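# Descriptive structure summary
Residues per chain, in single letters:
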Amino acid sequence: MLIAYLRSILLYLALLVTVRLMGKRQLGEMEPSEFVVSMLLANLATIPMQDPALPLSAGLVPILTVLALELILSWLSLRSIRIRKLLCGKPVILIEDGRLLQRNLKAARVTLDELTELLREQGILKLSSVKYAILETNGQVSAILHAADRPPTCRDCGIAAEEEYLPCTLISDGKLLHTNLRISGRDERWLEQELHRRGCAVSDVMLLTVDRSGSVCFIRKEDTP
Amino acid sequence: MKYLMLGLGLMALLLGSSLFVLWRTACCLDEVAAPLHTVQALLEEEDYESILALTEESQSLWESHRGYFCSIFSHAELEDIDQGYASLIAYAEQEELAELRDAHRRLLERMEHLRRMDLPYYYNILTGFFRLCFDP
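What counts, and where the lines are drawn
- Along each chain, the written sequence defines residue order, and numbers are assigned to residues from 1.
- Here the convention is simple: chains get letters from A, ligands get numbers from 1, in the order in which they are written.
- Totals for whole chains, interfaces and linings use every residue, but because this is a predicted model, local features are given only for residues with pLDDT of at least 70 and side-chain atom pairs only at 80 or more, for both listing and counting.
- Just so you know, side-chain values use all the structure's heavy atoms and leave hydrogens and water out.
- Each helix is a run of H or I in the DSSP string that is no shorter than four residues. Each strand is a run of E no shorter than two, and both are numbered from the N terminus.
- pLDDT is defined as a per-residue confidence score from the predictor, taking values between 0 and 100.
- Strand pairing requires that DSSP identify at least two bridges connecting the strands.
- Whether two residues touch is decided by their heavy atoms; if any such pair falls within 4.5 Å, the residues are in contact.
- For helices, the axis comes from a line fit to the C-alpha atoms of the stretch in contact; other axes are also lines fit to C-alpha atoms, and the angle between any two N-to-C directions lies between 0 and 180 degrees.

## Comments concerning the environment of Pro32 of chain A
- If you trace the backbone, Pro32 of chain A turns up in helix H2 (residues 32–50).
- Between the C-alpha atoms of Pro32 of chain A and Ser128 of chain A, which are 96 residues apart in sequence, the distance is 31 Å.

## A few points about the confidence of the model for chain A
- Taken residue by residue, chain A gives an average pLDDT of 85. The fraction at 70 or more is 95%.
- Ranking the helices and strands of chain A by mean pLDDT puts strand E7 (residues 205–210) of chain A first, with 93, and helix H1 (residues 2–22) of chain A last, with 77.

## Examining the pairing of E7 of chain A
Residues and elements named next belong to chain A.
- Alignment of strand E5 (residues 168–172) against E7, held across four bridges, turns out to be antiparallel. Among the inter-strand pairings, Cys168 is bridged to a residue of E7, identified as Val210.
- Direction of pairing for E7 relative to strand E8 (residues 216–220): antiparallel, over a ladder of five bridges. Across the sheet, the residue bridging to Leu207 is Ile219, located in E8.
- Remark: five residues form the turn of the hairpin made by E7 and E8, two consecutive strands paired antiparallel; Gly214 in that turn has positive phi of roughly 95°.

## Here's the deal with the sheet that holds E7 of chain A
Residue and element names in this part refer to chain A.
- Pairing in this open sheet of four strands is antiparallel, and the strands run E6-E5-E7-E8 from one edge to the other. At either end of the open sheet lies a strand with only one pairing partner, and these are strand E6 (175–176) and E8.
- Against the sheet, helix H9 (residues 188–198) makes contact with E5, E6, E7 and E8, and its axis sits at roughly 55° relative to E8, the strand it touches most.

## Some remarks on the sheet that holds strand E1 (residues 92–96) of chain A
All names here are of chain A.
- Read from one edge to the other, the open sheet built from four strands follows the order E2-E1-E3-E4, with strand pairing classed as antiparallel. Only two strands of the sheet have a single neighbouring strand rather than two, namely strand E2 (99–100) and strand E4 (141–145).
- As paired strands, E1 and strand E3 (residues 130–135) are joined by four bridges and run antiparallel to one another. Within the sheet, the bridge partner assigned to Glu96 lies in E3 and is Tyr132.

Structural data, given as structure tokens:
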């Protein structure tokens, strides 16, 4: 058990260093420590699960050790910028003012093909239209276009846009959600009036939402007349 | 802070449990091996009756701790010891001294291996897995 504990600590740290050295583009959408934890947990759980001859402690001790290390390191990375940089790395600028920073591209081990692919995924075809392209710590590329290449906004066009609010679900699959009704600032009397106007009861409603502006979305259940 | 305390608490709990298991395993195995160490002296006198009685006493001690041993050792390791006792008893009944000596030495070695395999020696950390797999 003690050996399992010590080996889990060593292997966790070794994997963390390895994943950091592998580079950001290997990570998908996870931070290095999250990637290591998900990779380790999947394997740690399967070995004692598949082999009933192994004691349960052989699986539990490493899993709990990895969990404890992840809790400690995530707390430390929240508190210290230095540790955060050490564990997660820092974003790398790949394009600045439309100019490809080849040294950074090499350092991040991202090929030009990969960069153009990641930009195309965001609907960007011309490198020159990119003001900044940043390789984030989770391996994603954030691209910011030059002001002239950005799609116009309502403000640019001088159009008064209507604000949108988060809708609050009041009835879901025929069930009234009392807490949401209270949060939305409506009461049961208002709801009764709404339902009466549509000629149905609570049980006939598939979905009824309301937002702060008073806009109601109503969907009736299909099997009701 | 809550998560840090949880993490540190868990690490401390795991370290504490590991050290407790290490200590308890050593105590239990010492208790089980004590009659077998007495057998060592009786082998010179060829007192097969006493050897048999002490081996059975050691085996019953082993059986009394089986639940605990099952939670920390793999089935293969437990079966090794069971097989060791079976051989020792069989050779004692047949009064075959050379085989008895050999079986006794192997059983004590297996117990010593179980006692030492969780000690925090560098070779246990680095090669414990390979030693268990290829050099039982």
